Structure formats: structure tokens, C-alpha cells
Amino acid sequence: MVEWTEFERDTIKDIFSKIDYDVVGPAALTRCLVVYPWTRRYFGNFGALYNAEGIMGNEMVANHGKKVLHGLDRAVKNMDHIKESYCELSQLHSDQFHVDPDNFRLLADCLAIAIATQWGSAFTPDIQAAFQKFLSVVVFSLGSQYH
Amino acid sequence: MSLSAKQKATVKDFFGKMATRSDDIGAEALSRLVAVYPQTKSYFAHWKSASPGSAPVRKHGITIMGGVYDAVGKIDDLKAGLLSLSELHAFMLRVDPVNFKLLAHCMLVCMSMVFPEEFTPQVHVAVDKFLAQLALALCEKYR
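Cut-offs applied
- Residues numbered from 1 in each chain as written.
- Chains lettered and ligands numbered in written order.
- Predicted model: local features only at pLDDT ≥ 70, side-chain atom pairs only at ≥ 80, totals over all residues.
- Heavy atoms only, no water.
- Axes fitted to C-alpha atoms, helices over the stretch in contact; angles between N-to-C directions.
- Helix = DSSP H or I, 4+ residues; strand = E, 2+ residues; numbered from the N terminus.
- Parallel < 35°, antiparallel > 145°, perpendicular 65-115°, else oblique.
- Contact = heavy atoms within 4.5 Å.
- Left-handed = near helix turned anticlockwise from the far one by under 90°.
- Nonpolar A, V, L, I, M, F, W, Y, C, P; charged D, E, K, R; others polar.
- Buried area = accessible area lost by both parts, 1.4 Å probe.
- Salt bridge = Lys/Arg side-chain N within 4 Å of Asp/Glu carboxyl O.
- Polar contact = N/O pair within 3.5 Å; in protein donor to acceptor, adjacent residues only side chain to side chain.

Any details on the packing of helix H7 (residues 87-96) of chain A against helix H9 (residues 125-143) of chain A? Residues and values, ideally.
Residues and elements named next belong to chain A. For the pair H7 and H9, interaxial distance at closest approach is 7 Å and the crossing angle is 60°. Comparing their axes, H9 and H7 come out oblique. Of the residues in H9, those in contact with Leu89, Ser90 and His93 of H7 are Ser141, Leu142 and Gly143.

Here it is, written out as C-alpha cells:
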């Protein structure tokens with residue numbers, strides 16, 4: 001069981017109540033596809049993802065970015081049962097999408113950077129630490145049903 | 001994953017823009033390393049304080065960023081240029097190379113905070129690749 005301090009719980013709730021999903025989600029997924037080009041292997045049906053410009057203008061990428069970010073909502077609402085909350089999604093990513101779980105970590109890093117671009121100095125070291133701890137629990141949970 | 005000529009130019013350009021804030025970014029990046037990855041404090045047990053924002057941490061962050069800037073100048077041959085730094089890290093400091101990635105991530109976070117407009121995905125990938133190449137050059141003498 002993950003132990004959360006009150007600061008961490010408050011910080012996570014605060015972050016997710018303040019971020020603009022429509023900006024941060026697309027920004028994070030876009031960065032992931034540009035910075036770690038091998039992640040494009042999972043989006044063959046999204047059209048032309050050959051270069052940064054193509055990715056940044058791609059509507060399917062943007063919509064999927066929003067979807068993925070909303071995928072974190074269940075963890076925010078259920079911080080004491082994150083692993084259980086992601087059982088099904090983990091199976092899906094393993095058995096249907098065949099995503100290498102290391103990619104979840106890459107996307108998590110891009111999410112931290114996307115929020116940093118939005119918040120600037122308001123994204124303090126303590127907040128970054130809480131956010132990355134939260135993301136690492138989600139990343140672990142998403143990989144938990146792989147076999 | 002070596003840098004293209006265009007990416008080298010992107011790195012030099014961005015670091016040029018960053019120059020006036022490089023001390024802040026260096027200090028902040030090391031602070032974040034010990035805040036977000038507390039296990040990294042194990043390398044600084046000999047300091048009075050290794051907590052985020054403390055004077056020794058900030059000072060050392062500035063030193064490290066100075067080294068990174070030096071590496072930008074040697075971007076065409078990092079292995080040769082960083083030979084003595086590699087020996088230092090290999091034989092004296094013996095920092096586990098996984099930590100280079102963690103510090104690189106913290107540097108990227110700081111860059112994106114301070115330069116949200118300039119730190120585009122294209123700049124991000126070039127700088128990320130450069131820091132990875134830098135880390136590789138630092139590891140050269142490890143074994």
C-alpha cells in the first residue's frame with residue numbers, strides 16, 4: 001500500500017483541479033512522440049507522424065492526449081487503491097495494445113515537463129516530487145498485469 | 001542516437017539563450033534531484049546539508065551546469081573533451097550512471113519552467129539527446 005502524506009494528497013488534488021486537460025494532455029503526448037520517436041509504433045493508424053510538425057498538428061494525437069490524461073482521474077479519486085483501479089487498463093495495454101511498460105515512464109516524464117511549462121516556478125520541487133511519486137504509482141500499476 | 005548537425009545548432013542556440021539564467025537552472029535542477037529522487041542524497045552525505053534548496057546543493061548545481069556548458073563547447077567530440085571528467089566520475093566519485101538520467105530530467109523540467117516558449121518539443125529532443133550523449137561520455141572510463 002502506498003503511503004501518502006497530507007501534503008501529497010492535497011497537492012495531487014490541487015494539480016488535477018487546476019490543469020487544463022485540453023492543453024496538458026496533448027502537449028504531453030506530443031512531446032513523448034517527438035522526444036521518444038519509438039513510441040510512434042503504437043499509433044500507426046494516426047496518420048503521418050514522421051516529424052515534429054506533423055505530430056504537433058495531428059488532431060488524433062491531441063484527442064488521445066486528452067483521453068490519456070483523463071485516464072489519471074481514477075487514480076486521483078482513488079489514491080489508496082491505485083493498483084486495483086488500473087487492473088483492467090493494465091491488461092488492456094498488455095494484451096491488446098502490447099505497449100512496452102517502459103513507455104509509461106517516458107510519458108510520465110513528458111507530463112511533468114508539460115506541467116512545468118504551464119506553471120513555471122509554481123511547479124516547486126515539493127510539488128514535482130509529489131506529482132512524480134503519484135505518476136510512478138500509476139506507471140507501476142499499469143504494468144502490474146503484464147505477463 | 002547521435003546528434004544531427006541541426007540538433008547541435010539547436011542545442012548551442014538554446015544554451016545561448018539560457019546563459020543568463022544558467023546558474024539558477026543548475027542550482028534548481030540539483031535541488032529537484034534530491035527532492036524528487038531522495039536516494040541521490042547518498043552522494044552528498046559528507047555535506048552539512050543535502051536538502052533541496054540548501055546552500056551546498058545550490059552551489060554544486062551551479063558547478064555541474066558549468067560543466068554542461070563546457071560540454072556544449074565540446075559537442076563535436078564529447079568523449080575526448082570530457083575524458084578527465086570521466087576519469088573523475090569513474091575512479092573518484094563513482095556515481096551510478098542511472099543518476100545522470102535523473103539529473104538530466106530535472107534539468108529539462110527547469111528549462112521548461114524558465115523558457116516555456118523556447119523549450120519546444122524540437123528543442124526538448126535535441127537537449128535530451130545532448131544530455132544523454134554527455135552522460136555516455138562521462139561513463140566512458142567506468143569500465
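Text resumes after the structure shown.
Please set out the packing of helix H8 (residues 102-119) of chain A against H9(A) residue by residue, giving values where relevant.
Residue and element names in this part refer to chain A. Put simply, H8 and H9 touch, their axes get as near as 9 Å, and they point 155° apart. Judged by the angle between their axes, H8 and H9 are roughly antiparallel. In this structure, H8 crosses over H9, and the sense of that crossing is right-handed. The residues of H9 that touch H8, namely those facing Phe104, Arg105, Ala108, Asp109, Leu111, Ala112, Ile115 and Trp119, are Ile127, Phe131, Gln132, Leu135, Val139, Leu142 and Gly143. In the contact of H8 with H9, the residues fall into 11 nonpolar, two polar and two charged.

Could you give an account of the interface of chain B and chain A, with specific residues and numbers?
If you look at the interface, chain B gives 20 residues, while chain A gives 22 residues. Overall, the association of chain B and chain A removes approximately 1800 Å² of surface from exposure, summing both partners, and the carbon and sulfur fraction of that is 64%. When the buried surface of chain B facing chain A is broken down by residue, B:His105, B:Pro121 and B:His124 rank first, second and third, together holding 27% of it. Where chain B touches chain A, the interface holds zero salt bridges. Linking chain B to chain A there are seven residue pairs in polar contact (both at pLDDT 80 or more). Counting only elements with at least two residues in the side of chain B that touches chain A, the list comes to helix H2 (22-36), helix H6 (98-114) and helix H7 (121-139) of chain B. Among the elements that line the side of chain B that touches chain A, the one with the most residues is H6(B), at six residues. Residue composition of the side of chain B that touches chain A, by class: 12 nonpolar, five polar and three charged.

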